[in-house]
Amino acid sequence: RVLHLVESLYDQDELLMRDLCEELNISFKTLKRDIEYAMLVLSPIDIKVSGNKGVKLSFPSNYSITYLYTALLAASLEFRLLEKIFLRETYTVDELAEELFISSSSLRRMVSRMNEVLQEEEMEINLNPVQIIGNELRIYNFFIHYVVERYYFKKTVFTNAQIEAVRELADFVLKIDYVELEYRDRERIELFLLVQLIRMKNNHFIPEEFNPHRQKI
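**A short note on helix α8 (residues 136-151)**
And then number 1: Between its first and last C-alpha atoms α8 spans 22 Å; for 16 residues at 1.5 Å apiece the expected length is 22 Å, and the two agree.
And then number 2: Residues of α8 that are buried include every one of Glu-136, Ile-139, Tyr-140, Phe-143, Ile-144, Tyr-146, Val-147, Val-148, Arg-150 and Tyr-151, and no others.
And then number 3: Elements in contact with the buried residues of α8: α4 (65-75), α5 (77-87), β4 (123-127), β5 (130-134) and α10 (183-201).
And then number 4: In this structure Asn-135 caps α8, since a side-chain oxygen of it lies 3.1 Å from the backbone nitrogen of Leu-137.
And then number 5: Positive backbone phi, approximately 50 degrees, marks Tyr-152, located one or two places after α8.

**Remarks on the nonpolar core**
And then number 1: Judged by nonpolar contacts, the single largest core of 40 residues is most densely connected at Leu-81, Leu-107, Ile-125, Phe-143 and Phe-158.
And then number 2: Looking at this core, the elements with two or more residues in it are α5, α6 (93-100), α7 (104-118), β4, β5, α8, α9 (160-176) and α10.
And then number 3: Among the elements that line this core, the one with the most residues is α8, at eight residues.
And then number 4: Residues within four places of Phe-143 in sequence aside, it is in contact with Leu-82, Phe-86, Ile-132 and Val-195.

**Quick word on the environment of Tyr-10**
And then number 1: Of note, Tyr-10 is situated in helix α1 (residues 2-11).
And then number 2: Accessibility expressed as a relative area gives 40% for Tyr-10, which makes it partly exposed.
And then number 3: A C-alpha to C-alpha distance of 9.7 Å links Tyr-10 and Leu-68, two positions 58 residues apart in sequence.
And then number 4: Residue contacts for Tyr-10: discarding those within four places in its chain leaves Leu-57, Phe-59, Ile-65 and Leu-68.

**Considerations on the pattern of salt bridges**
Two side chains carrying opposite charge are able to pair once their charged atoms lie near each other.
And then number 1: In this structure the tally under the stated criterion is 14 salt bridges.
And then number 2: A salt bridge links Lys-48 to Asp-46; the nearest nitrogen and oxygen atoms lie 3.3 Å apart.
And then number 3: Note on Lys-48: relative accessible area 44%, which makes it partly exposed.
And then number 4: Between Arg-186 and Glu-190 there is a salt bridge, with the nearest N and O atoms lying 2.5 Å from each other. Placement of the pair is Arg-186 and Glu-190 together in helix α10, with a separation of four residues, close to one helical turn. Each member of the pair, Arg-186 together with Glu-190, is buried.
And then number 5: One network of salt bridges, with partners in common, ties together Lys-155, Asp-171, Arg-186, Glu-187 and Glu-190.

**A look at helix α2 (residues 17-24)**
And then number 1: Here α2 has its buried residues at Met-17, Leu-20, Cys-21 and Leu-24. Angular distribution of buried residues about the axis of α2 spans 100 degrees; they occupy a single face of the element. Opposite the buried face of α2, by more than 90 degrees, sit the exposed residues Arg-18 and Glu-22.
And then number 2: At the C-terminal side of α2, Asn-25 shows a positive phi close to 60 degrees.

Cut-offs and rules
Residues numbered from 1 in each chain as written. Predicted model: local features only at pLDDT ≥ 70, side-chain atom pairs only at ≥ 80, totals over all residues. Heavy atoms only, no water. Helix = DSSP H or I, 4+ residues; strand = E, 2+ residues; numbered from the N terminus. Expected span 1.5 Å × (residues − 1). Buried < 20%, exposed > 50% of the residue type's maximum accessible area, 1.4 Å probe, protein only. Contact = heavy atoms within 4.5 Å. Polar contact = N/O pair within 3.5 Å; in protein donor to acceptor, adjacent residues only side chain to side chain. Core = buried A, V, L, I, M, F, W, Y, C linked by side-chain atoms within 4.5 Å. Salt bridge = Lys/Arg side-chain N within 4 Å of Asp/Glu carboxyl O. Arc of directions from axis to C-beta.

Following this line, the structure appears as structure tokens:
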């Protein structure tokens, strides 16, 4: 919801609070709370509210929309949960709750709310055992976009050994096919392979009919 708020303000010079409440389907009180939270998380980016209840996003000249996504994703408890489960599916509910500094019952309630949204994208969080399941291609796409927006291609969420293994694999495959790629395209391929590596390690696989290059890889 906060991300939707910030994106709406980024796309417009100024919006009235009543229009934002209608667009986000929230109360005036909730909008004020979301603005306060966004200001805390996004500093030094500011959200200014004028006397006539106009709301405007104020950017320092050296900041961009990329910083918005990175800061909001880093602060999001829900995305931190998804990242932890993605990287390691051997957690218990109690261990996850402890790492996120919340109670086990709060974790279960949060997962229930998240699944209402995730199921629209054909995926969900299972807590027995702890894992992310569903449409594997959708899961790949979700985490590729998450890593790009959260870490901006830096891949620091992965280990050095994983990054080096994928780099060598990409070199091998591209050499066989005599393909040369631009830097950003190469980064996207390596990121796809890293996500695939993690998912395969956790025993999740794309059905063969959707992965014709699996044997080559």
